[in-house]
Amino acid sequence: MEFALRHGALRERIAAQRRALVSHAWPLESALGGVDKALAGVDWLKAHPAAVGVAVALAVAASPKRAWRWGSRAFFVWRGWRSVRNSLIAVR
């Protein structure tokens, strides 16, 4: 009987901890939801490379100087990301 009472109290304590965890984790849920949307957008872009090409062609046609400037910025960001990623992989 004592074992059953301790078991019930432990289960209630676990349930209370789960409720507390859920109440503390809701800000992470909204942030991770945004990350999920961004990753879904990246997946869509990977699946539709023609759309990316058309967008780049329109940007170049509209303003070549501005497109070149943004292209060079994107290239440097991409190179920096690759460098950081390769450094992190090398650490493992």
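Everything quoted here is computed from the prediction, not taken from an experiment.

**Q** Sorry if this is basic, but what is going on with a nonpolar patch on the surface here?
**A** Taken together, the side chains of Trp44, Leu45, Val52, Val56 and Val60 define a hydrophobic patch exposed on the protein surface, amounting to about 420 Å² of accessible area. The set of elements that each furnish at least two residues to the nonpolar patch consists of helix 1 (2-47) and helix 2 (49-62). Ranked by residue count, the leading element in the nonpolar patch is helix 2, at three residues. Within the secondary structure, Val56 sits in helix 2. According to the relative accessible area criterion, Val56 is partly exposed, its value standing at 48%.

**Q** How should a positive patch on the surface be read in this particular structure?
**A** Judged by side-chain charge, Lys65, Arg66, Arg69 and Arg73 come together as a positively charged surface patch. Note that Arg69 resides in helix 3 (residues 64-91). Accessibility expressed as a relative area gives 38% for Arg69, which makes it partly exposed.

**Q** When you look at the environment of Asp43 in this model, what are you seeing that I'm missing?
**A** Along the polypeptide, Asp43 turns up in helix 1. By relative accessible area, which is 48% here, Asp43 ends up partly exposed. Separated by 34 residues in sequence, Asp43 and Ala9 place their C-alpha atoms 47 Å apart.

**Q** I keep staring at the packing of aromatic side chains and nothing clicks. Help me out?
**A** Think of a pair of aromatic rings as described by two things: how far the centres are apart, and how the planes are tilted against each other in angle. For the coordinates displayed, the defined rule picks out two aromatic pairs. Taking the centre distance of 5.9 Å and the plane angle of 35° together, the rings of Phe75 and Trp78 count as tilted. One end of the pair is Phe75 and the other is Trp78, both in helix 3 and three residues apart, which spans about a single turn. For Phe75, a relative accessible area of 38% translates into the label partly exposed. Directly above the aromatic system of Trp70 lies the positively charged group of Arg73, at a separation of 4.6 Å from the ring centroid.

**Q** Even after reading the chapter, I still don't get the packing of helix 1 against helix 2, so can you show me in this structure?
**A** Helix packing geometry: the angle between the two helix axes and the distance between the axes. Packing of helix 1 against helix 2 brings their axes to within 5 Å, and their N-to-C directions diverge by 90°. Regarding the angle of helix 1 to helix 2, the classification is roughly perpendicular. Two secondary-structure elements touch here, helix 1 through Trp44, Leu45, Lys46 and Ala47 and helix 2 through Pro49, Ala51 and Val52. Its residues assigned to classes, the contact of helix 1 with helix 2 comprises six nonpolar, no polar and one charged.

About the thresholds
- Residues numbered from 1 in each chain as written.
- Predicted model: local features only at pLDDT ≥ 70, side-chain atom pairs only at ≥ 80, totals over all residues.
- Heavy atoms only, no water.
- Patch = residues over 30% accessible without salt bridge, like charges linked within 9 Å, V, L, I, M, F, W, Y side chains within 5 Å.
- Areas by Shrake-Rupley, 256 points an atom, 1.4 Å probe, with all protein chains shown as cover.
- Salt bridge = Lys/Arg side-chain N within 4 Å of Asp/Glu carboxyl O.
- Helix = DSSP H or I, 4+ residues; strand = E, 2+ residues; numbered from the N terminus.
- Buried < 20%, exposed > 50% of the residue type's maximum accessible area, 1.4 Å probe, protein only.
- Lys, Arg positive; Asp, Glu negative; His and termini not counted.
- Charge placed at Lys NZ, Arg CZ, Asp CG, Glu CD.
- Phe/Tyr/Trp six-rings, centres within 6.5 Å; stacked < 30°, edge-to-face > 60°.
- Lys NZ or Arg CZ within 6 Å of the ring centre and 35° of its normal.
- Axes fitted to C-alpha atoms, helices over the stretch in contact; angles between N-to-C directions.
- Parallel < 35°, antiparallel > 145°, perpendicular 65-115°, else oblique.
- Contact = heavy atoms within 4.5 Å.
- Nonpolar A, V, L, I, M, F, W, Y, C, P; charged D, E, K, R; others polar.

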